[in-house]
Amino acid sequence: MNYELFIAKRIIAGKEYKNSISSPIIKIAITAIALGIIIMMIAMATGAGFQHKIRDKISGFKGHVQITNYDDNNSEVSITPIDKNQDFYPEFTTIDGIKNVQVFANKAGVIRTVTDFEGIIFKGVSTDYDWSFFKEYLVAGRLPNFNQPRVRDIIISQTLVNRLQLQLNDTINVFFAKASRSKLPSRYKLVVVGIYDTGFGQFDKNMVIGDIRQVQRLNKWNENQIGGFEVLLENFDEIELKGNEIYSSTGSTLNSMTIVDSYDVIFEWIELFDNNVWFIIGIMILVASINMITALLVLILERVQMVGILKALGSDNWSVRKIFLYNATYLIIKGLIWGNIIGIVLLMLQHYFGLITLDPASYHVTTVPIHISVFSIILLNIGTLVLCFLMLIIPSYIITKINPSKSIQFA
């Protein structure tokens, strides 16, 4: 029989335990544990949420890996065409973990209205394009249908709609520069069939999605000439590995870059969230541990007489210390349970209702994103419990200093 655990349970269940002098301190310690786990869960969920949301938005606009001509390196506009007939298109048969390979071609242009104008990047795509990203952020209208001989359908951002005072199904004039500067720009009449709003200002401010055949006609390319390929991966965490494999699998005249390399400043920024999260976790565990140490010392000092009696009956120091460690562990678990319940409720409210909003110009998102990982939450709880318990072992050493004869005489 584990008599230390038995005594600890009797202490916890006793009425005098709840009405003791240490009761307020115990409640403060439990509250500190609960608040600590709530703050740590929020930090982890929001940090991971920012990382996932921003990288998903960049990959939605650019794919995970772009394969282009070397002449187009670091250029938003497709300059030199490449042949669509490649060994890796329409499928990468030599590399696993590839979700989709899609063609694209970019062309700079200007939308002109009666009262205003705005520079744009016209991104031409084809029937192989994965529209799952824009389906999520489509706020009005529909997606373009490219299964027709001549398509004028485009989707534009809510940002452009607001700036140019456009509406759904409007026919707009878009001017594109020709290859020869001496010639007047080409004018195309395009129809706004859909409006999207990703909250990522860097792309929303100028990105228009339409038919790749428009770009091919403007650049006088044939149907097999394109600006490049976008490769979508099944697992973003393998982007560096797959990026190297794709680079090795393409021809010597082609260049491939991952979005991590193309937008290194943004990805370095979102990686800083990991440092912030670890800092917050460390501070919260330290604060919770200090509160638990205080509570444990008060519990011991309040029961000095009991410690003396147990020692007089033959219990060694470690056995008596285990009683109070069991007691403290119960308090930690109680705080963790309350903290998890409250924390998960708060995260779910933010996830489904977006109660806290942000400035998309600064954060690239309109609301605080939440990414809940069950494994991370379990690991966080186990880590908090273990670290707090280990930090309680040293202060429990005070029990060894209690003399049975001196403590019992005041009973």
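This one's a predicted model, so the numbers in the text were calculated from it and none came from an experiment.

Asker: Could you give me a rundown of the nonpolar core, with the residues and numbers involved?
Answerer: By size, the foremost hydrophobic cluster in this structure holds 69 residues, and its most contacted members are Ile-58, Phe-92, Trp-131, Phe-134, Phe-229 and Ile-246. The element that contributes the greatest number of residues to this core is strand E8 (residues 186-196), accounting for 7 residues. Formed by 43 residues, the second largest nonpolar core is a distinct cluster that contains Ala-8, Met-41, Val-307 and Leu-331.

Asker: Break down helix H3 (residues 23-62) for me, citing the residues and quoting the values.
Answerer: Residues spaced three or four apart along an α-helix face the same direction, because each turn holds 3.6 residues. An ideal rise of 1.5 Å per residue puts 58 Å on 40 residues; H3 measures up with 58 Å between its terminal C-alpha atoms. Extensive coverage of H3 is indicated by the burial of 28 of its 40 residues.

Asker: Talk me through the pattern of salt bridges; I want residue IDs and the actual numbers.
Answerer: One pass over the structure, following the stated rule, counts 9 salt bridges. The salt bridge involving Lys-53 is made with Glu-136; its shortest N-O contact spans 3.5 Å. In this pair, Lys-53 is assigned in helix H3 and Glu-136 in helix H4 (residues 132-137), connecting sequence segments 83 residues apart. Residue Lys-53 is classed as partly exposed on the basis of its relative accessible area of 29%.

Asker: Which residues make up the packing of helix H1 (residues 3-13) against helix H12 (residues 317-353), and what values do they have?
Answerer: Axis separation between H1 and H12 bottoms out at 8 Å; the angle between their running directions is 50 degrees. Our classification of the angle between H1 and H12 gives oblique. Note that H1 runs across H12; the crossing there is right-handed. In this structure, H1 contributes Tyr-3, Glu-4, Leu-5, Ile-7, Ala-8, Ile-11 and Ile-12 to the contact, and H12 contributes Ser-319, Lys-322, Ile-323, Tyr-326, Asn-327 and Tyr-330. In terms of residue class, the contact of H1 with H12 is made up of 9 nonpolar, 2 polar and 2 charged.

Asker: Run through the pairing of strand E4 (residues 117-125), naming residues and quoting values.
Answerer: In the case of a regular strand, side chains alternate between the two sheet surfaces. With 7 of 9 residues buried, E4 is to be regarded as a mostly interior element. Two strands pair when backbone bridges link them, and strand E3 (residues 98-112) and E4 are joined in this way by 9 bridges, in the antiparallel orientation. Bridging across to E4, Arg-112 finds its partner in Phe-117. Connecting E3 to the antiparallel partner E4 that follows it, the hairpin turn spans 4 residues. Relative to strand E9 (residues 207-211), E4 is paired through 5 bridges, and the arrangement is parallel. By the bridge assignment for E9, Phe-122 is matched with Val-208.

Conventions we followed
Chains are numbered independently. Their residues run from 1 in the order of the written sequence. Residue-level local features of this predicted model are given only where pLDDT is at least 70; pairs of side-chain atoms are given and counted only at 80 or more, and the full residue set underlies all totals for whole chains, interfaces and linings. Calculated side-chain values reflect all of the structure's heavy atoms, with hydrogen atoms and water omitted. Definition of nonpolar core: a set of buried residues of the types Ala, Val, Leu, Ile, Met, Phe, Trp, Tyr and Cys, connected through side-chain atoms within 4.5 Å. Each residue's exposure class comes from its accessible area (1.4 Å probe, protein chains only) as a fraction of the maximum for that residue type: buried when under 20%, exposed when over 50%, partly exposed otherwise. Secondary structure elements follow DSSP: runs of H or I of four or more residues count as helices, runs of E of two or more count as strands, with numbering from the N terminus. Here a helix's expected span is defined as the number of its residues, less one, multiplied by 1.5 Å. For this analysis, a salt bridge means a side-chain nitrogen from Lys or Arg found within 4 Å of a carboxyl oxygen belonging to Asp or Glu. Only the contacting stretch of a helix is used when fitting its axis, a line to C-alpha atoms as for every element, and angles between N-to-C directions run 0 to 180 degrees. Here is the rule for angles: anything less than 35 degrees is roughly parallel, anything more than 145 is roughly antiparallel, 65 through 115 is roughly perpendicular, and the remaining ranges are oblique. If you view the pair so one helix is near and one far, a crossing is left-handed when the near helix is turned anticlockwise from the far one by less than a right angle, and right-handed when it is turned clockwise. Throughout, a residue-residue contact means that at least one pair of heavy atoms, one from each residue, lies within 4.5 Å. Just so you know the grouping, Ala, Val, Leu, Ile, Met, Phe, Trp, Tyr, Cys and Pro go in nonpolar, Asp, Glu, Lys and Arg go in charged, and all remaining residues, Gly too, go in polar. Any two strands between which DSSP finds at least two bridges are classified as paired.

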